[in-house]
Amino acid sequence: MAPTEHPILHKPEHVGSFLRPQSVHEARAAHAQGKLDDTGLRKVEDAAIQELVKQQEAAGLRSVSDGEFRREYFHLDFLKHLGGVTVTKNKLVGEKDEAAPPQLTVTGKLVHKKPIQVEDFQFVKSCLSHGDSVVKVAIPSPTMIHFRGGRAAIDISSYPDMDQFFEDLAAVYRAEIAALAETGVTYIQLDDTNLAYLCSDEMRAAAESRGEDVQQLPKQYVELINAALRDKPASMTAAIHLCRGNFRSRFFSSGGYEPVAEVLLRDLNVDMFLLEYDDERSGGFEPLQHLPKGHKTVTLGLISTKTGKLEDKQEVIARIREAAKFAPLEQLSVGPQCGFASTVHGNELTQEEQWAKIKLCQDIVEEVWGKQ
C-alpha cells in the first residue's frame, strides 16, 4: 500500500480525549446504578459532545473529536465489541478502593461483528459548523490486544498458530476501517502504548520474560498495523499516537524512541505520528532523523496534559527549533503529549487549564508556522 499522498497536517493537533463535564459523570453514575437507561445516557453524552465540538472549533482546532465522552477507557470500549475478545473487570484495590484497569483476553476466534465507531462518527459530523473541520476517529491500535498478555492471554485452542492470530487481528481492523471509509471518515488515529513501552528497559525485560523477542517485536507490530491499514483509501489520513501511560496523570514507562524509531518512522504506513515529548522521559529528538523527507509528519507532544501548569511559550518554541535540527520544520507540528482524559477519570487539571493548553498550542503554531 502506498502511503496517502496528501495527508492533512493539523496545526495545532490534539490526541482526541478531553475532560468529561460533570453532566457526563453524573449520567454514567446513574446508568451504573440502573437509574438511567442506555438511551438516557446517550442523550446526555450527545448534549456534552455538541458543546465540545463548538469549543474545539472556537479554539481553532481543525480536527474535531467526540472527546471520547462515550468511553470509560480509550481502548477497552472499542475492543470489547470484537468477537473473541473478553474484558474482565478487576476488584477494587488500594487505600481509595480504586479499581485496577480491566483485563483483556482473547477467548475465541476474532470476528468483526458490526461497525463499532460509525454511529459515533456520524453524530460528531452532524455537529460540525465550520466547513474545513474534519472529524478524527480515534481507535486503539491492534497491538493493544497482544502486548500486555502475550501468548498467555490468547486462547491456544482458538489460536495454536500465532501467525493466524495476527492475520485475523489485522482482518477485523480492515473491516472496521472499511466501514468507517464507507460512511465518510477521512481521518483515523491509532492509539498505541506498546511501541512506546518497547522503548523502556523495564517493559522490554517484562516482555522477554513472557517469551517475546523484543528485537523483532517492533517490526512485527509495524507489519501488523500496516496489514490493518492495507486497504485504507488514499483519501483517508492515518495517524498513530504513541503513549507511555496517561491514567489520572500517571505514566508507566520511560525511554527514548531509539529502539523503535527507525522501523516506526521509516516503515509504518501512516501519515502522521503524534509523539510524546513533554519531559525527559521521552529522550531527545535525535530519533526524528529517521523520518523520511516527504509527506509524513510528526506532531511534537510538547504540551503536558498531566498538569495544569502552563508551559512557557518561548521554551516550547526553542524545543521545536531543536527538533527541526533532525527533521524538516515543515514536517513538524505541536500539540499535547496525550489526551486530557484517556479514561473517564480524567487527568489532574481543570477545564480552564485544558483549554489554556489548547490556546497555547494555537499561539505557538501562529508564531512558528504562521496563521493557518
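Rules and cut-offs
- Residues numbered from 1 in each chain as written.
- Predicted model: local features only at pLDDT ≥ 70, side-chain atom pairs only at ≥ 80, totals over all residues.
- Heavy atoms only, no water.
- Helix = DSSP H or I, 4+ residues; strand = E, 2+ residues; numbered from the N terminus.
- Rg over C-alpha atoms; globule rule 2.2 N^0.38 Å.
- Buried < 20%, exposed > 50% of the residue type's maximum accessible area, 1.4 Å probe, protein only.
- Areas by Shrake-Rupley, 256 points an atom, 1.4 Å probe, with all protein chains shown as cover.
- Polar contact = N/O pair within 3.5 Å; in protein donor to acceptor, adjacent residues only side chain to side chain.
- Contact = heavy atoms within 4.5 Å.
- Core = buried A, V, L, I, M, F, W, Y, C linked by side-chain atoms within 4.5 Å.
- pLDDT = per-residue confidence, 0-100.
- Salt bridge = Lys/Arg side-chain N within 4 Å of Asp/Glu carboxyl O.
- Axes fitted to C-alpha atoms, helices over the stretch in contact; angles between N-to-C directions.
- Parallel < 35°, antiparallel > 145°, perpendicular 65-115°, else oblique.
- Left-handed = near helix turned anticlockwise from the far one by under 90°.
- Nonpolar A, V, L, I, M, F, W, Y, C, P; charged D, E, K, R; others polar.
- Pairing = 2+ DSSP bridges.
- Phe/Tyr/Trp six-rings, centres within 6.5 Å; stacked < 30°, edge-to-face > 60°.
- Lys NZ or Arg CZ within 6 Å of the ring centre and 35° of its normal.
- Arc of directions from axis to C-beta.

Caption draft 1: The arrangement of the overall build of the protein chain in detail. Tallying secondary structure elements over the protein chain gives eleven helices and twelve strands in all. Computed over its C-alpha atoms, the radius of gyration of the protein chain comes to 20 Å, within 12% of the 21 Å expected for a compact globule of 372 residues. Structurally, the protein chain occupies a C-alpha span of about 55 × 50 × 45 Å along its principal axes. Taking all 372 residues of the protein chain together, the buried fraction comes to 56%. With the model as given, the accessible surface of the protein chain reaches about 15,700 Å², and the carbon-plus-sulfur share is 50%.

Caption draft 2: Geometry of the side chain of S158. Structurally, the position occupied by S158 is in the loop between strand 7 (137-140) and helix 5 (162-182). Within polar-contact distance, the side chain of S158 engages the side chain of D155 at 2.5 Å. Here S158 is in contact with T107, G108 and K109, once residues within four sequence places are set aside.

Caption draft 3: Broad picture of the nonpolar core. Core analysis: the biggest nonpolar cluster contains 102 residues, and F165, F273 and L300 have the highest contact counts within it. Here the element with the most residues in this core is helix 5; it accounts for ten residues. Residue contacts for L300: discarding those within four places in its chain leaves L275, Y277, F285, L288, I320, A323, L332, S333, V334 and G335. Counting six residues, the second largest nonpolar core, distinct from the first, contains V15, V134, A239 and L274.

Caption draft 4: Spatial organisation of the side chain of R174. Along the chain, the position of R174 falls in helix 5. In terms of polar contacts, R174 uses its side chain to reach the backbone carbonyl oxygen of A227, at 2.9 Å. Residue contacts for R174: discarding those within four places in its chain leaves A227, A228, R230 and D231.

Caption draft 5: The confidence of the model for the protein chain, seen in detail. Across the protein chain, pLDDT averages 90, with 92% of residues at or above 70. The low-confidence segment residues 1-7 (pLDDT under 50) makes 18 contacts with residues lying over four places distant or belonging to another chain.

Caption draft 6: Representation of the pattern of salt bridges in the model. What the rule picks out here adds up to 16 salt bridges. Between D46 and R70 there is a salt bridge, with the nearest N and O atoms lying 2.7 Å from each other. Of this pair, D46 sits in helix 2 (residues 38-58) while R70 is found in the loop between strand 1 (63-64) and helix 3 (76-79), placing the two residues 24 residues apart along the sequence. In this structure, a network of salt bridges that share partners links the residues R42, E45, D46, R70, E119 and D120.

Caption draft 7: Highlighting the packing of helix 8 (residues 217-228) against helix 9 (residues 258-267). At a minimum axis distance of 9 Å, the contact between helix 8 and helix 9 shows a crossing angle of 25 degrees. Put simply, helix 8 runs roughly parallel to helix 9. In this structure, helix 8 meets helix 9 at a crossing whose hand is right-handed. Residues P218, K219, V222 and N226 of helix 8 lie in contact with helix 9, whose contacting residues are P259, V260, V263, L264 and D267. Here the contact of helix 8 with helix 9 is built from residues that sort into six nonpolar, one polar and two charged.

Caption draft 8: A look at the sheet that holds strand 9 (residues 237-242). Pairing is parallel across the open sheet formed by six strands, whose spatial order is 7-8-9-10-11-12. The strands lining the two open edges of the sheet, one partner per strand, are strand 7 and strand 12 (332-336). Going from strand to strand, the sheet's axes swing by 25 degrees on average, the running direction of each strand aside. Pairing of strand 11 (residues 297-303) with strand 12 involves five bridges; the strand directions are parallel. Bridge assignment links I303 to a residue of strand 12, and that residue is P336.

Caption draft 9: Inspection of the packing of aromatic side chains at higher detail. In total, this model carries seven aromatic pairs according to the counting rule given. Residues F18 and F340 carry aromatic rings whose centres are separated by 5.8 Å and whose planes lie at 20 degrees to one another, so their mutual orientation is stacked. On the criterion of sequence distance, the pair formed by F18 in the segment before helix 1 (22-32) and F340 in the loop between strand 12 and helix 11 (351-368) is long-range, its members being 322 residues apart. For the pair shown, F18 and F340 are each scored as buried. When the centroid spacing of 4.6 Å and the interplanar angle of 45 degrees are considered together, the rings of Y277 and F285 count as tilted. Classification of F285 as buried rests on a relative accessible area of 6%. Ring pairs connect the aromatic residues F18, F340 and W355, which therefore count as one cluster. A cation over a ring is seen here: R70 above F123, with NZ or CZ 5.3 Å from the ring centre.

Caption draft 10: Quick peek at unusual backbone geometry. Positive phi values are uncommon outside glycine, yet E68 reaches one of about 60 degrees. The residue E68 is located in the loop between strand 1 and helix 3 in this model.

Caption draft 11: Layout of helix 7 (residues 201-209). Taken together, the buried positions of helix 7 are M203, R204 and A207. Here the buried residues of helix 7 occupy an arc of 100 degrees about the axis, which is enough to place them on one side. For helix 7, exposure combined with an orientation more than 90 degrees from the buried face picks out D201, E202 and S209. Residues of helix 7 that are buried make contact with helix 6 (194-197) and helix 9.

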